[in-house]
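Examination of the molecular architecture
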Protein chains: 2
Amino acid sequence: MSPDSTVFGSDIDRAFTMLFNLTDGKSSTRGSTKRHLADVKHMFVDEADALRILEKDNPLVYEFYELGIPSHPGDLAFGTSITYPGQVAGEYYMTKGHFHQILETAEVYYSIQGHGMMMMENPEGQWDCQELTPGKAVYVPKRFAHRSINIGQNPFVTFFCFRADAGHDYKTIETKGFRKIVVEKDGKPDIIDNPRWK
Amino acid sequence: MSPDSTVFGSDIDRAFTMLFNLTDGKSSTRGSTKRHLADVKHMFVDEADALRILEKDNPLVYEFYELGIPSHPGDLAFGTSITYPGQVAGEYYMTKGHFHQILETAEVYYSIQGHGMMMMENPEGQWDCQELTPGKAVYVPKRFAHRSINIGQNPFVTFFCFRADAGHDYKTIETKGFRKIVVEKDGKPDIIDNPRWK
């Protein structure tokens, strides 16, 4: 039986396992990619509030695992995504969000901990937002950009899977934003128009 | 937000969620495909022992969810697989196992309950067997037939994902079997040559 941790060449020709803890989503054998508030301050509508927080602290907003699966249409990229609880001026902590470079590829997320939402929109202007609790799988259809949002008090953890050659287009969302944002209103999540959407 | 249960047309153009309980793997909104011992008695080496069991009872060996995701290379099929604890003459309960019809497609299984193994082999004669406990993901590489085996006392539950157009070839395994089988020996799983392998 092979070890948990594997470095891949140009092709995967052997089975392997990876442990992602069902409680916190973490791997003990791989490092995650981490996004602190300083890295993602621009994505919040009230960037000034993000800067106020950053005067004292640079909290971890989210982290996820990139295993380096070769970019082959018959392979699958997978791992966990962990979005932490928190807000910037009422807007919940969330991931940057991205389109796939190969737009015609879907993604599946299986929720294992916490309370979150998956915000989605396609270039044609359709959008959707699905609430997620442990055990819920969400299907992100082809063409839909997607972002995880933590609307709870604990880390929001999902196991994700997508075609390994799909690729990530982060830039479109960084430039335009999502049409809708999720903010806390009267103690509950409220989906509103993004005033900065272009 | 859309309901848990969705019937798909020829293309998936809307997001949806599906609940698969993290404790037992079951969906409350979809029926599963069930394989009882009478359906799969031929896959055990000691079929006579299977027939002896069947004189009294026809236990459920495994079940899994087929959502009917359209067969498109940009879509993903997903669901849970539940293999029950049990043995036929020392050979652990397992799934039939299959190749993908598009051989060059991988599959990912994320273990959420129980204690199992993933048995794999490719047409070139390479084989591998990975032990799975909750939180472990196993990567089934392109070209590898795969079968879930329950080596524990409780249901072995995984969440799986593969390219929606991959297709299933059950017949090759039904005819040839896997090169290796897993039997209990001195209270522990033992991987041995399959005496009926062709």
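Here, every reference points to the structure presented above.
Quantities reported herein were computed from a predicted structural model and do not represent experimental measurements.

Take the overall build of chain A next. A tally of regular secondary structure across chain A gives three helices and 16 strands. Taking 16 Å as the expected radius of gyration for a compact globule of 198 residues, we find that chain A reaches 17 Å, a close match to that expectation. Each principal axis of the C-alpha distribution contributes one length, and for chain A these read about 50 × 40 × 30 Å. Expressed as a percentage of the 198 residues in chain A, the buried residues total 56%.

Glancing now at the environment of serine 28 of chain A. Along the chain, serine 28 of chain A falls in the loop between strand E1 (16–19) and strand E2 (33–36). When the C-alpha positions of serine 28 of chain A and methionine 18 of chain A are compared, they lie 9.0 Å apart, and in sequence the two are 10 residues distant.

Strand order in the open sheet formed by seven strands is E2(A)-E3(A)-E4(A)-E13(A)-E8(A)-E11(A)-E1(B), and the pairing between neighbours is antiparallel. On the outer flanks of this sheet lie E2 of chain A together with strand E1 (16–19) of chain B, each paired with one strand and no other. Strand after strand, the sheet turns through a mean of 20 degrees between neighbouring axes, direction not considered. Direction of pairing for strand E8 (residues 107–113) of chain A relative to strand E13 (residues 156–163) of chain A: antiparallel, over a ladder of six bridges. The residue of E13 of chain A that forms the bridge with valine 108 of chain A is cysteine 161 of chain A.

Turning next to the interface of chain B and chain A. Contact residues are listed per partner, giving 50 residues for chain B and 50 residues for chain A. On the surface where chain B and chain A come into contact, there are four salt bridges. Among the ionic pairs, aspartate 11 of chain B bridges to lysine 142 of chain A, the shortest N-O distance being 2.7 Å. Where chain B touches chain A, the interface holds 20 residue pairs in polar contact (both at pLDDT 80 or more). The set of elements that each furnish at least two residues to the side of chain B that touches chain A consists of E1, strand E4 (76–83), strand E8 (107–113), strand E9 (116–121), strand E10 (127–132), strand E11 (136–140) and strand E13 (156–163) of chain B. Considering only residue class, the side of chain B that touches chain A consists of 29 nonpolar, nine polar and 12 charged. Sheet topology places E1 of chain A next to E11 of chain B; four bridges connect them, and they run antiparallel. Its bridge partner being in E11 of chain B, leucine 19 of chain A is matched across the sheet by lysine 136 of chain B.

The nonpolar side chains of soluble globular proteins are, as a tendency, buried together. One finds Phe78 of chain A together with Phe78 of chain B to be the most contacted residues of the largest nonpolar core, which totals 46 residues. Excluding anything up to four places from it in sequence, phenylalanine 78 of chain B contacts Val108, Ala137 and Tyr139 of chain A together with Phe16, Phe20, Tyr65, Leu67, Ile69, Phe159, Phe160 and Cys161 of chain B.

One pass over the structure, following the stated rule, counts 22 salt bridges over all chains. Via salt bridges that share partners, Asp11 and Asp75 of chain A together with Lys142 of chain B belong to a single interconnected network.

Rotating chain B by 180 degrees about the axis while translating it 0.0 Å along that axis superimposes it on chain A, leaving an RMSD of 0.0 Å. The relationship between the two copies is best expressed as a two-fold rotation axis.

On to the environment of tyrosine 62 of chain A, then. Residues and elements named next belong to chain A. Here tyrosine 62 lies in strand E3 (residues 60–64). Judged by its relative accessible area of 3%, tyrosine 62 is buried. Through-space distance from the C-alpha of tyrosine 62 to that of valine 157 is 9.8 Å; in sequence the pair is 95 residues apart. What tyrosine 62 contacts, discounting residues up to four positions off in sequence, is Thr33, Lys34, Arg35, Val40, Met43, Ile82, Thr83, Tyr84, Met94, Thr95 and Lys96. A polar contact of 3.2 Å, which involves the side chain of tyrosine 62, links it to the backbone nitrogen of lysine 96.

Residues and elements named next belong to chain A. Among the eight residues in strand E4 (residues 76–83), eight count as buried, and that is most of the element. The pairing of E3 with E4 spans three bridges and is antiparallel. Counterpart to phenylalanine 64 in the pairing with E4 is serine 81. Alignment of E4 against E13, held across eight bridges, turns out to be antiparallel. Bridge pairing in E13 links glycine 79 to phenylalanine 160.

Attention shifts here to the state of the cysteines. Per the stated rule, a full pass over the model turns up zero disulfides over all chains. Left without a disulfide partner, cysteine 161 of chain B is nearest to the cysteine sulfur of cysteine 161 of chain A, which lies 3.4 Å away.

As a further point, take the side chain of serine 32 of chain B. Residues and elements named next belong to chain B. On the secondary structure map, serine 32 appears in the loop between E1 and strand E2 (33–36). A polar side-chain atom of serine 32 sits 2.9 Å from a polar atom in the side chain of lysine 34. One polar contact links serine 32 to glutamate 63, side chain to side chain, over a distance of 2.5 Å. Non-local contacts of serine 32, meaning those with residues more than four positions away in its chain, are made with Glu63, Phe64 and Tyr65.

What follows deals with unusual backbone geometry. Generally, phi is negative for residues other than glycine and the peptide bonds are trans, each holding for most cases. A positive phi angle, near 50 degrees, is found at alanine 89 of chain A, a position not held by glycine. On the secondary structure map, alanine 89 of chain A appears in the loop between strand E5 (87–88) and strand E6 (91–92). The backbone of aspartate 186 of chain B shows a phi angle near 55 degrees, a positive value even though the residue is not glycine. Turning to its location among the elements, aspartate 186 of chain B is positioned in the loop between strand E15 (180–185) and strand E16 (188–193). A residue is classified by how much of its surface remains accessible, and aspartate 186 of chain B, at 72% relative accessible area, is exposed.

Reading guide: rules and limits
- Every residue gets a number counted from 1 within its own chain, in the order that chain's sequence is written.
- Lettering of chains starts at A and numbering of ligands starts at 1, both following the order in which they are written.
- Side-chain atom pairs in this predicted model are given and counted only at pLDDT of 80 or more, local residue features only at pLDDT of at least 70, and totals for whole chains, interfaces and linings cover all residues.
- Based on all heavy atoms of the structure, the side-chain values leave hydrogens and waters out of the count.
- Under the DSSP-based scheme used, a helix requires at least four consecutive residues in state H or I and a strand at least two consecutive residues in state E, with every element numbered from the N terminus.
- Each radius of gyration is computed over the set of C-alpha atoms, and the globule rule expresses the reference value as 2.2 Å times the number of residues to the power 0.38.
- Burial classification: accessible surface area is computed with a 1.4 Å probe over protein chains only, and a residue below 20% of its type maximum counts as buried, one above 50% as exposed, and the rest as partly exposed.
- Criterion used throughout: strands pair if DSSP finds at least two bridges between them.
- Fitting a line to C-alpha atoms yields each axis, with helices limited to the stretch in contact; the angle taken between N-to-C directions then spans 0 to 180 degrees.
- Whether two residues are in contact is decided by their heavy atoms, any of which lying within 4.5 Å being enough.
- For this analysis, a salt bridge means a side-chain nitrogen from Lys or Arg found within 4 Å of a carboxyl oxygen belonging to Asp or Glu.
- Polar contact is the term for a pair of N or O atoms within 3.5 Å; when the atoms are in protein, one must be able to donate a hydrogen and the other to accept it, and sequence-neighboring residues count only if both atoms are side-chain atoms.
- Classification convention: Asp, Glu, Lys, Arg as charged; Ala, Val, Leu, Ile, Met, Phe, Trp, Tyr, Cys, Pro as nonpolar; all other residues, Gly among them, as polar.
- What we call a nonpolar core is a set of buried Ala, Val, Leu, Ile, Met, Phe, Trp, Tyr and Cys residues that are connected through their side-chain atoms within 4.5 Å.
- Least squares is the method used to superpose the copies, on C-alpha atoms of residues holding a pLDDT of at least 70 in both.
- Disulfides are defined as cysteine sulfur pairs within 2.5 Å.

By themselves, these are just geometric observations and shouldn't be taken as functional.
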